[in-house]
Amino acid sequence: MTAETADVDNTGGGFLHEALHNRRLLGVALIAAIGGFLFGYDTGVIGGAMLFMQKDLGLKTHQQQELTVAILLLGAVTGALIAGYSADMFSRRRTKIVSGCIYVTGALAAAFSQSYWQILASRFWLGLAVGCASFVAPMYIAEIVPARIRGGVVSFNQLMITSGILVAYIVDWGFAGFSDNWRWMFGVAVVPGAALAVGMYFMPFSPRWLVEKGREDEAREVLRRYRDSDDDVDDEIKEIKNVSESEASVRDLLKKGVRRMLVVGIGLAVFQQIVGINTVIYYAPTILKFAGQQNTGALTQSVFIGCTNVFFTIVAILLLDKLGRRFFLISGTSILTVSLVGLGIFFASPGVQHAVPWLALACLLTYIMGFAVGLGPVFWLMISEIFPIQMRGPAMAVCSMFNWGLNFAISYTFLTLTGAITKQGTFWLYAFFGVCAVVFFLTLVPETKDRSLEQIQADLGADADTALSRGEHEQGHEREQESEAVRS
Ligand code: BGC
């Protein structure tokens, strides 16, 4: 996400509304968002593929299966690091073209894998593109859309990720009866991958990148094409210049005034993962098989999980600005915690399994609902809101790294944990983390809805000298003016 994403509309409602009225904007957002979609697809597809590839590729042990799932996340961390550098050096646009090519070659490599080592290598390669997408796709879109709807990009991206996961589940289910099914599951990602590479070839450079490279005239040209009136264009160029001049480095994040914000951002990043979301996303069919389903039943029910995820992400996007972030964080995480306890009870008691065989699916559905309205979108949204403008880039990068790192740790240990402390023990452990998360939200996380950046940072104990320097005050003032304009 860019450093200048301070706006009025931070959830996706305004973004979707404006994009639907401006075809050019919609086109560029959709093409760029294929990256987020593929991020969801490539992380979700493994759930179903794993059921069938185990035998063909000889993935006998839990460790082999876990590494096949989790190596993509190691690739993602690496990809995010490289993409951060390459997006500045070679442009967001070219970086996205390359990531489209990686998606295509990675999908083919995974589909044609003949051994454990080949699937590991191709999943790592795909991970590079996923890490890039998680970072460069929202950044590019945010830099091209008007400031007032820029924040909505974050939620829009979450919607694309959940849609990618859902499509992956549907594809897994659709190919279940075919021979070589898992190869097709991986292989079809060639189509959106190619669409991303070719589509981005025809898209413009980001105006912010152009300004940073001293190509102001071209930046003006791009902005003119995507804005309703020319009047805003000069102001926007001025704003971009201000922001890039005052941008901070990762080291500035350790300053006293920003520490509390960093605790909140990193806390949200960590809790989003340690409540076990990706054991459900990546292992849903496996968990349903643990609960007694056959392959096909497990895949069909995973589709319900994917639908619930998308549906409640939309609900969150529409209501986050009305009911507030804290409301959804606290209630959503409480719901998912109770569901984890229920899932544990199901696995702990053969009597319950016999009497209420549908309980596991019901718990998984309420779990995903709780996540989709709470930690899912709110983590990404809040880290784009709580940091001072000039620190937002590095701060968001640090929070994302924590998120990917914990994502890896949880998915790499899930099956081993179920063996070591039982299935119920594993879900109760995640439930315990859910309780800690709610306590953390209640005590440390401020409300950001309807609040200016200065107010948010005052809540977080920001030190005026370090955190709220010139650029920040200007940005906060602009945000208030924009709020005024929208209200009147
Ligand atoms: C998380 C991902 C997760 C996805 C599920 C995202 O917000 O960062 O790790 O797979 O939500 O919807």
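In this text, all values refer to a predicted model and were calculated from it rather than measured experimentally.

Draft legend 1. Structural context of the site of the ligand. The ligand sits among 13 residues. The nearest are Thr-162, Asn-278, Ile-281, Gly-376 and Asn-407. Listing elements by their share of the shell around the ligand, those giving two or more residues are helix 7 (152-175), helix 14 (277-290) and helix 20 (392-421). In terms of residue count, the dominant contributor to the shell around the ligand is helix 7 (four residues). Along the lines of polarity and charge, the residues of the shell around the ligand split into four nonpolar, nine polar and no charged.

Draft legend 2. Representation of helix 14. Helix geometry: helix 14 is bent most strongly at Tyr-283, by close to 85°, with proline Pro-285 lying one to four residues after it. Most of helix 14 sits out of view: 12 of its 14 residues are buried. Those residues of helix 14 that sit buried are Ile-277, Asn-278, Thr-279, Val-280, Ile-281, Tyr-282, Tyr-283, Ala-284, Pro-285, Thr-286, Ile-287 and Leu-288. A positive backbone phi angle near 105° is found at Gly-292, which sits one or two residues after helix 14.

Draft legend 3. Quick look at the packing of helix 15 (residues 295-323) against helix 16 (residues 325-348). Direction vectors running N to C along helix 15 and helix 16 enclose 120°, while the axes themselves pass 7 Å from each other. With respect to their mutual orientation, helix 15 and helix 16 come out oblique. For the pair formed by helix 15 and helix 16, the contact residues are Ala-316, Leu-320 and Leu-323 on the first element and Arg-325, Phe-327 and Phe-328 on the second. Class assignment for the residues of the contact of helix 15 with helix 16 results in five nonpolar, no polar and one charged.

Draft legend 4. A look at the confidence of the model for the protein chain. Considering every residue of the protein chain, the mean pLDDT works out to 86; 90% of them sit at 70 or more. Element-level pLDDT for the protein chain is lowest in helix 23 (residues 470-487), with a mean of 45, against a maximum mean of 97 in helix 21 (residues 423-444). Ignoring residues within four places in sequence, the model shows residues 464-488, a span with pLDDT below 50, making 45 contacts including any to other chains.

Rules of the game
Residues numbered from 1 in each chain as written. Predicted model: local features only at pLDDT ≥ 70, side-chain atom pairs only at ≥ 80, totals over all residues. Near = placed C-beta within 6 Å. Helix = DSSP H or I, 4+ residues; strand = E, 2+ residues; numbered from the N terminus. Nonpolar A, V, L, I, M, F, W, Y, C, P; charged D, E, K, R; others polar. Bend = angle between axes of the 7 residues up to and from the residue. Buried ≥ 20, exposed ≤ 12 C-beta atoms within 10 Å, placed from the backbone. Axes fitted to C-alpha atoms, helices over the stretch in contact; angles between N-to-C directions. Parallel < 35°, antiparallel > 145°, perpendicular 65-115°, else oblique. Contact = placed C-beta atoms within 7 Å. pLDDT = per-residue confidence, 0-100.

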